[in-house]
Amino acid sequence: MSDIPVCQQCGKKLYKNYGSRGYLATPDNQYHHKIFSTEEKRNNFERDELPENVYDVDRWNYRANDFGISYRTPQQSRDGLFHNRSCFERWHENHRNEIERLIRDMGEWKNPS
C-alpha cells in the first residue's frame, strides 16, 4: 500500500506541490507579523514576548511611526484532505448536515441573528 494520502472526495492521490500535500494543507511553519507605532515598543515586544523558537526574523520601518517585525515559528505539518477546492466544496455539501450536527453537539453552534 502507498504512503501517498488520497482525496477524501474522489480518491485521487495527493502529490506534494511546493512543499505541501493537498488542498488546505498545514505547512511546517507559521508566519506572524506585528506593527508598532514606535521602535521602542517593537524592541520591548522583541525582548519580552517573542517566542524562543522563532526564525527568519525581519524588522522594517517603511515610514514614520510604522515599525514592524515579522517572523516564523515551527509547527507540525499536516497533509490536506482534498486534492483541489471543488472536491472540498462537494464533500462539504454532501456532509453539511453531519458537520452542523457535530458543531451543535459540541455546544458551539451560533444561530444567525
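**Some points on the sheet that holds strand β5 (residues 66–74)**
No. 1: Strand order in the open sheet made by the three strands is β3-β5-β4, with antiparallel pairing throughout. The sheet is open, and its two borders are formed by β3 (29–36) and β4 (55–63), each paired with just one other strand. Taking each pair of neighbouring strands and ignoring which way they run, the sheet shows an average axis angle of 15 degrees.
No. 2: With six bridges joining them, β4 and β5 adopt antiparallel strand pairing. By the bridge assignment for β5, R59 is matched with I69.

**Remarks on the state of the cysteines**
No. 1: Within this structure, the stated rule accounts for zero disulfides.
No. 2: C7 forms no disulfide, and the closest cysteine sulfur to it belongs to C10, at a distance of 3.7 Å.
No. 3: Lacking any disulfide linkage, C10 is separated from the closest cysteine sulfur, that of C87, by 3.7 Å.

**A closer look at the environment of F82**
No. 1: You can see F82 is positioned in the loop between β5 and α2 (85–94).
No. 2: For the pair F82 and Y23, spaced 59 residues apart in the sequence, the C-alpha separation amounts to 5.2 Å.
No. 3: When sequence neighbours within four positions are dropped, the list of residues in contact with F82 reads C7, Q8, Q9, L14, G22, Y23, C87, F88 and W91.

Reading the values: the criteria
- Residues numbered from 1 in each chain as written.
- Predicted model: local features only at pLDDT ≥ 70, side-chain atom pairs only at ≥ 80, totals over all residues.
- Heavy atoms only, no water.
- Pairing = 2+ DSSP bridges.
- Helix = DSSP H or I, 4+ residues; strand = E, 2+ residues; numbered from the N terminus.
- Axes fitted to C-alpha atoms, helices over the stretch in contact; angles between N-to-C directions.
- Disulfide = S-S within 2.5 Å.
- Contact = heavy atoms within 4.5 Å.

Functional significance is not addressed by these values, which are geometric in nature.
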